Amino acid sequence: TVKIYEQGKRYYDALKAVNNLVKDARKVQQTVLLVGEISDIYVSSFQKMLTDENYTPDELSAIASGYAKMLEESSGMLNEMKTVVTSTSLSMDVIDRVYRDVRNQRNLVRYYTNRNIGISYLRAKKKNDTRRVLDLYGTDNQKYW
C-alpha cells in the first residue's frame, strides 16, 4: 500500500509540475503578446496623432517621448522575464509579477493614448471640428477612447 501511495504521489507531483510549467509558459506567451499590443497601440495611435492638426510639434514630441519611456519600461520587464525563463527553472512568482506589471503598463499606455486623443477632441470641439477627429480616431461606435 505504501509503495502504491508513493508511486501515485510521485505521479501526481510530476503531473502537477507539468501543469505548472504549462501555466508558466502560457503566462509568458500572454506577457509577450501584451508587449506587442503596447507597441501596436503606440504605432497606430501615434501615426494618427501625427496627422492631427490639434497638436503642436512640441506636443507631438512630448507625446512621442512619453510613449518611448513606456515602451522602454515594457521592454525592460520583458527582459527580466527572459532571464527567468532561460534559467533552469521557471519562477512562477516572477512570471506572475512581470505579467501583472506588463498588463498594468498596457493599461497605462491605453490611458495615455486616450487622454491625448481626448485633448484633441476637446480642441476640435472648440473649433466645431469634431467630425474630423472622430473620422481620424473612430466613430462613436468604433472609438476606443
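Provided above is the structure to which this section pertains.
Residues numbered from 1 in each chain as written. Predicted model: local features only at pLDDT ≥ 70, side-chain atom pairs only at ≥ 80, totals over all residues. Heavy atoms only, no water.

A.B. asks: Break down helix α4 (residues 130-137) for me, citing the residues and quoting the values.
C.D. replies: Along α4, the residues that are buried comprise Val133, Leu134 and Tyr137. Angularly, the buried residues of α4 cover 100° about the axis, an arc narrow enough to put them on a single face. Positive backbone phi, approximately 125°, marks Gly138, located one or two places after α4. (Buried < 20%, exposed > 50% of the residue type's maximum accessible area, 1.4 Å probe, protein only. Helix = DSSP H or I, 4+ residues; strand = E, 2+ residues; numbered from the N terminus. Arc of directions from axis to C-beta.)

A.B. asks: Report on the packing of aromatic side chains, specifying residues and quantitative values.
C.D. replies: For the structure on display, the rule yields four aromatic pairs. Taking the centre distance of 5.8 Å and the plane angle of 20° together, the rings of Tyr42 and Phe46 count as stacked. With a gap of four residues between them, Tyr42 and Phe46 both fall in helix α1 (residues 2-50), about one helical turn apart. Here the aromatic rings of Phe46 and Tyr67 are separated by 6.2 Å at their centres, their planes lie at 75°, and the arrangement is edge-to-face. A residue pair is termed long-range when its members are at least 10 positions apart, and Phe46 in helix α1 and Tyr67 in helix α2 (residues 57-85) qualify at 21 residues. Accessibility assignment for this pair places Phe46 and Tyr67 in one class, buried. One aromatic cluster is present, formed by Tyr42, Phe46, Tyr67 and Tyr112 through successive ring pairs. (Phe/Tyr/Trp six-rings, centres within 6.5 Å; stacked < 30°, edge-to-face > 60°.)

A.B. asks: So, the side chain of Gln105: which residues are in play, and what are the values?
C.D. replies: Relative to the helices and strands, Gln105 resides in helix α3 (residues 92-126). Accessibility expressed as a relative area gives 4% for Gln105, which makes it buried. When residues no more than four places from it in sequence are discounted, the contact partners of Gln105 are Ile38, Met70, Glu73, Ser74 and Met77. (Contact = heavy atoms within 4.5 Å.)

A.B. asks: Describe the nonpolar core, and please don't skip the residues or the numbers.
C.D. replies: Across soluble globular proteins, nonpolar side chains show a tendency to be buried alongside one another. By size, the foremost hydrophobic cluster in this structure holds 24 residues, and its most contacted members are Met49, Tyr67 and Val102. Every residue in contact with Met49, bar those within four places of it in the chain, is listed here: Tyr55, Leu60, Ile63, Tyr67, Thr113, Asn116, Ile117 and Tyr137. (Core = buried A, V, L, I, M, F, W, Y, C linked by side-chain atoms within 4.5 Å.)

A.B. asks: Kindly report on the environment of Asp101, identifying the contributing residues and their values.
C.D. replies: Mapped onto the secondary structure, Asp101 falls in helix α3. With 23 residues separating them along the chain, Asp101 and Leu78 place their C-alpha atoms 9.9 Å apart.

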